[in-house]
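If you want the building blocks of each chain, they are given just below.
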Protein chains: 2
Amino acid sequence: MSENKQPTIYDVSERAGVSLATVSRVVNNNGKVKEETRRKVLKAIKELNYRPNAMAKGLASSKTTMVGMMVPDLTDLYFAELAQGIDAVAKIYNYSVSLSVSDNNPTAGKEAFETLMSQHVDGIVYIGNQTSQEMFDLLKSSPVPVVFAGSVAQDGKLPSVNIDYVQAFQQAGNILKQHLSDTQIALVDNPGESGLSALRQQGFLKAVSKGKIYESEDDYRSGYNLAHHLLEDGIKGVIVGEDEPAIGILNYMLDNHVQVPNDFQIISSNDTKLVKMTRPAVSSVTQPKFDIGAVSMRLLTKLMSGDPVDDPTVILPHEFVLKDTTL
Amino acid sequence: MSENKQPTIYDVSERAGVSLATVSRVVNNNGKVKEETRRKVLKAIKELNYRPNAMAKGLASSKTTMVGMMVPDLTDLYFAELAQGIDAVAKIYNYSVSLSVSDNNPTAGKEAFETLMSQHVDGIVYIGNQTSQEMFDLLKSSPVPVVFAGSVAQDGKLPSVNIDYVQAFQQAGNILKQHLSDTQIALVDNPGESGLSALRQQGFLKAVSKGKIYESEDDYRSGYNLAHHLLEDGIKGVIVGEDEPAIGILNYMLDNHVQVPNDFQIISSNDTKLVKMTRPAVSSVTQPKFDIGAVSMRLLTKLMSGDPVDDPTVILPHEFVLKDTTL
DNA sequence: TTGTAAGCGTTATCAG
DNA sequence: CTGATAACGCTTACAA
């Protein structure tokens, strides 16, 4: 015995004794409507529990109030926190979010993008540490605005929100240099194909000119497995691009009775909640991850509505939390 | 100098020299189309780089091939892994996913639901540990199918995918009983308003009839702060409903020189990647989280297409990984 | 096997 | 301030 159908704008107009156009006006709060009619319409809407059909609206207005969010992996807490920030601001601006997990896989990424296009999203927030050139070109060809959140566009000229990686990694290098010599310090990062790790390297080398650079994936195992090489090479301190491999390295040290931080220091970079859950707790660059997501989405709203944007390349402040893996 | 507009089905039909209907038929692969015409149409589609407009399609067919995914918190790895499973299967079946973070907040949850309704999603995968009665009623009133993923519907009769929590927690209790007496064993869980913690309690009490039960939130701090009470009460082993508070408890013990597992044992329940990152690594029930998500989504596809479903209440197998917080 | 045409629920452009 | 009415791009009987 449930309602046969969702009520339409037509039902509302009939009940309120006005035209479709008028209902549309009050729903969208645009155009002048006499206070009395507005009230009538609102009443009918409430009584019928009317809810505008987003598809019809989208079709007619060619605006979907939906944004695409592309993310490589939700189980990476760094991305998850960005996503929370994005979602929160999307809610505020009444955008719904179409999620696409791209798996750092160019094919999946391309398909995700295509899907978003056929959904006619009004904009895209792109998160990705491994952006391929192909993906990048695709994004560049987007008919709707794209913002890179916590990710660097290769030519650095697309809208993006980040911290100053160069400075952060230079500072991190300087911290380790307080007790170690250049040759004892290394950077561990996933080079990927994005510009992000290039910036990190740049900053690192600014501080530690003779520093060694190791490659790792973004996962725990990868760090764990890399660790013995570090020891063999006489490395005494590392700066790691992601928290999971940082913890992998830490645990290798603990499992092999290397004293942290006395004999080995670690600075990580993402400050996800992971870093406070280990013992010793991991020292890290702190990033305003939620804010990076939030600001990205806010930037996107501006871009979507054609508002002027002073600088589409936003840099948010970072800090350091020196816990127990540094001296 | 870019294309003025996205090509429409009309452009394709014109170029291929056939009618709209025919193009629609080949695009949707339904109805008979002569091989030759099909080829022509496909050619035109490719040349024009035509992409069906999801909104128009949805409007006309009242199917959106979009599902809603409601999740309380993406930075909870348990949820994130479920979400990955959901997303993966959604991709396979060509559904797009509309994400809604509900923040365990009834108001936000209600709004999220309303948004999904106006988007006319074809179905909903609901993730939530704190489902309020109100939310539950709302979900029950949904005109489209809803599947509870890793969450228990209060009356236990709505479609859901879970492990057997009663059994799992009974087994966990038995494990601790090998070295401890009933009064030394406790359950730490977030009771919330959902049926899930009730099942856990039930299983726990089956094994540890005099066991004490403590309440905590789902976060690290909450566990850390609770820990001293456990010690004061002479508790020597706990089963914890979530990984983060479990690790909170662990770290409190470590920080206060309580020997784990010798003087205090911990079994957690979600087996997120967190549990292998601590030292000692946390023993835990292992849940097939990705699969819970995947099966939920698969179940939803069946429900959405009206396929017969043998049993809408799916139980997936769990196991135990006894690491270093148990004897 | 293919084409015609009537919707689907809105918005938006004109008149009034 | 309000009302007709033509799109929006596609699906789906119904014809042919």
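Each remark here, short or long, concerns the structure printed above.
Residues numbered from 1 in each chain as written. Chains lettered and ligands numbered in written order. Predicted model: local features only at pLDDT ≥ 70, side-chain atom pairs only at ≥ 80, totals over all residues. Heavy atoms only, no water.

**Regarding the sheet that holds strand E2 (residues 96-101) of chain B**
Argument step 1. Spatially, the 12 strands line up as an open sheet ordered E11(A)-E5(A)-E4(A)-E3(A)-E1(A)-E2(A)-E2(B)-E1(B)-E3(B)-E4(B)-E5(B)-E11(B), and their pairing is mixed. Single-partner strands in this sheet number two, and they are strand E11 (313-316) of chain A together with strand E11 (313-316) of chain B. In this sheet, adjacent strand axes meet at a mean angle of 25° when their direction is disregarded.
Argument step 2. Bridge count between strand E1 (residues 66-71) of chain B and strand E3 (residues 123-126) of chain B: 4 bridges; the pairing is parallel. Bridge pairing in E3(B) links Met70(B) to Tyr126(B).
Argument step 3. Taken strand by strand, helix H5 (residues 77-92) of chain A contacts strand E1 (66-71), strand E2 (96-101), strand E3 (123-126) and strand E4 (146-149) of chain A together with E2 of chain B, and its axis lies near 80° from that of E2(B). (Pairing = 2+ DSSP bridges. Helix = DSSP H or I, 4+ residues; strand = E, 2+ residues; numbered from the N terminus. Axes fitted to C-alpha atoms, helices over the stretch in contact; angles between N-to-C directions. Contact = heavy atoms within 4.5 Å.)

**Some words on the protein's contact with DNA strand C**
Argument step 1. With respect to spatial proximity, 25 residues lie near DNA strand C, and among them Ile9(A), Ser24(A), Arg25(B), Lys32(B) and Thr37(B) are the closest.
Argument step 2. Counting only atoms of DNA strand C within 4 Å of the protein, the fraction found in sugar and phosphate groups is 67%.
Argument step 3. Between Asn53(A) and DNA strand C, the recorded distance is 3.0 Å, taken from a backbone N or O atom to a phosphate oxygen.
Argument step 4. With respect to DNA strand C, the side chain of Thr37(B) contributes an N or O atom lying 2.4 Å from a phosphate oxygen.
Argument step 5. The set of elements that each furnish at least two residues to the surface near DNA strand C consists of helix H2 (20-28) and helix H4 (54-61) of chain A together with helix H2 (20-28) and helix H4 (54-61) of chain B.
Argument step 6. Sort the elements by how many residues they give to the surface near DNA strand C and H4(A) lands first, with 5 residues.
Argument step 7. A class-by-class count of the residues in the surface near DNA strand C yields 12 nonpolar, 8 polar and 5 charged. (Near = heavy atom within 4 Å. Polar contact = N/O pair within 3.5 Å; in protein donor to acceptor, adjacent residues only side chain to side chain. Nonpolar A, V, L, I, M, F, W, Y, C, P; charged D, E, K, R; others polar.)

**Here's the deal with helix H8 (residues 165-177) of chain B**
Argument step 1. Across its 13 residues, H8(B) extends 18 Å between first and last C-alpha, which sits within 8% of the 18 Å expected from 1.5 Å per residue.
Argument step 2. Of all the positions in H8(B), only Tyr165(B), Val166(B), Ala168(B), Phe169(B), Ala172(B), Gly173(B), Ile175(B) and Leu176(B) are classed as buried. (Expected span 1.5 Å × (residues − 1). Buried < 20%, exposed > 50% of the residue type's maximum accessible area, 1.4 Å probe, protein only.)

**Here's the deal with the protein's contact with DNA strand D**
Argument step 1. The immediate surroundings of DNA strand D are formed by 25 residues, with Arg25(A), Lys32(A), Thr37(A), Ile9(B) and Tyr50(B) found nearest.
Argument step 2. Per the 4 Å cut-off to the protein, sugar and phosphate atoms form 68% of the nearby atoms of DNA strand D.
Argument step 3. Contact distances for DNA strand D include 3.0 Å between a phosphate oxygen and a backbone N or O atom of Ser19(A).
Argument step 4. Interatomic distance of 2.7 Å between a backbone N/O atom of Lys34(A) and a phosphate oxygen of DNA strand D.
Argument step 5. For the surface near DNA strand D, the elements supplying multiple residues, two or more each, are H2 and H4 of chain A together with H2 and H4 of chain B.
Argument step 6. Ranked by residue count, the leading element in the surface near DNA strand D is H4(B), at 5 residues.
Argument step 7. Of the residues in the surface near DNA strand D, the class split is 12 nonpolar, 8 polar and 5 charged.

**A word on the interface of chain A and chain B**
Argument step 1. Between chain A and chain B, the residue contacts involve 49 residues of the former and 49 residues of the latter.
Argument step 2. When the two sides are added together, the surface that chain A and chain B hide from each other amounts to roughly 4400 Å², 60% of it contributed by carbon and sulfur.
Argument step 3. Of all residues in chain A, Met55(A), Met277(A) and Arg279(A) bury the most surface against chain B, accounting for 17% of the area lost on that side.
Argument step 4. Run the count over chain A and chain B and you get 6 salt bridges.
Argument step 5. In this structure, Arg279(B) engages Asp255(A) in a salt bridge whose closest nitrogen and oxygen atoms are separated by 2.7 Å.
Argument step 6. Applying the counting rule to chain A against chain B returns 26 residue pairs in polar contact (both at pLDDT 80 or more).
Argument step 7. Examining the composition of the side of chain A that touches chain B, we find that 7 residues originate from one element, H5(A), more than from any other.
Argument step 8. Its residues placed into classes, the side of chain A that touches chain B shows 22 nonpolar, 15 polar and 12 charged.
Argument step 9. Two elements, E2(A) and E2(B), share 3 bridges in a ladder whose sense is antiparallel. The residue bridging Val97(A) from the neighbouring strand is Leu99(B), located in E2(B). (Buried area = accessible area lost by both parts, 1.4 Å probe. Salt bridge = Lys/Arg side-chain N within 4 Å of Asp/Glu carboxyl O.)

**A short note on the packing of helix H10 (residues 220-232) of chain B against helix H11 (residues 243-255) of chain B**
Residue and element names in this part refer to chain B.
Argument step 1. Where H10 meets H11, the closest approach of the two axes is 7 Å, and the angle between their N-to-C directions is 55°. By the criterion of interaxial angle, the relationship of H10 to H11 is oblique. By crossing handedness, the relation of H10 to H11 is classed as right-handed. Counting all contacts with H10, which are made through Tyr220, Gly223, Tyr224, Ala227, His228, Leu230 and Leu231, the residues of H11 involved are Glu244, Pro245, Ile247, Gly248, Ile249, Asn251, Tyr252, Met253 and Asp255.
Argument step 2. Here the residues of the contact of H10 with H11 are counted per class, giving 10 nonpolar, 4 polar and 2 charged. (Parallel < 35°, antiparallel > 145°, perpendicular 65-115°, else oblique. Left-handed = near helix turned anticlockwise from the far one by under 90°.)

**Digging into the nonpolar core**
Argument step 1. Residues Leu99(A), Met297(A), Leu99(B) and Met297(B) are the most contacted members of the largest nonpolar core, which totals 93 residues.
Argument step 2. Residues within four places of Met297(B) in sequence aside, it is in contact with Val67(B), Ile86(B), Val89(B), Ala90(B), Tyr95(B), Val125(B) and Met304(B).
Argument step 3. Of all hydrophobic cores here, the second largest spans 52 residues; its members include Ile249(A), Val260(A), Val282(A) and Val260(B). (Core = buried A, V, L, I, M, F, W, Y, C linked by side-chain atoms within 4.5 Å.)

**So, the environment of Gly192(A)**
Argument step 1. Counting through the fold element by element, Gly192(A) comes out in the loop between strand E6 (185-189) and helix H9 (196-207).
Argument step 2. Between the C-alpha atoms of Gly192(A) and Asn129(A), which are 63 residues apart in sequence, the distance is 6.8 Å.

**Considerations on the side chain of Thr75(A)**
Argument step 1. Here Thr75(A) is to be found in the loop between E1 and H5.
Argument step 2. On the accessibility criterion, Thr75(A) (11% relative accessible area) is buried.
Argument step 3. Apart from residues no more than four positions distant in its own chain, Thr75(A) is found in contact with Glu244(A), Leu77(B), Ala80(B), Glu81(B), Gln84(B) and Lys273(B).

**Focus on the environment of Val161(B)**
Residue and element names in this part refer to chain B.
Argument step 1. Here Val161 lies in strand E5 (residues 160-163).
Argument step 2. Judged by relative accessible area, Val161 falls into the buried class, the value being 0%.
Argument step 3. Once the C-alpha coordinates of Val161 and Gly195 are considered, the two residues, 34 residues apart in sequence, prove to be 13 Å apart.
Argument step 4. When residues no more than four places from it in sequence are discounted, the contact partners of Val161 are Val147, Phe148, Ala149, Gly150, Ser151, Ile292, Val295, Ser296, Leu299, Val314 and Leu316.

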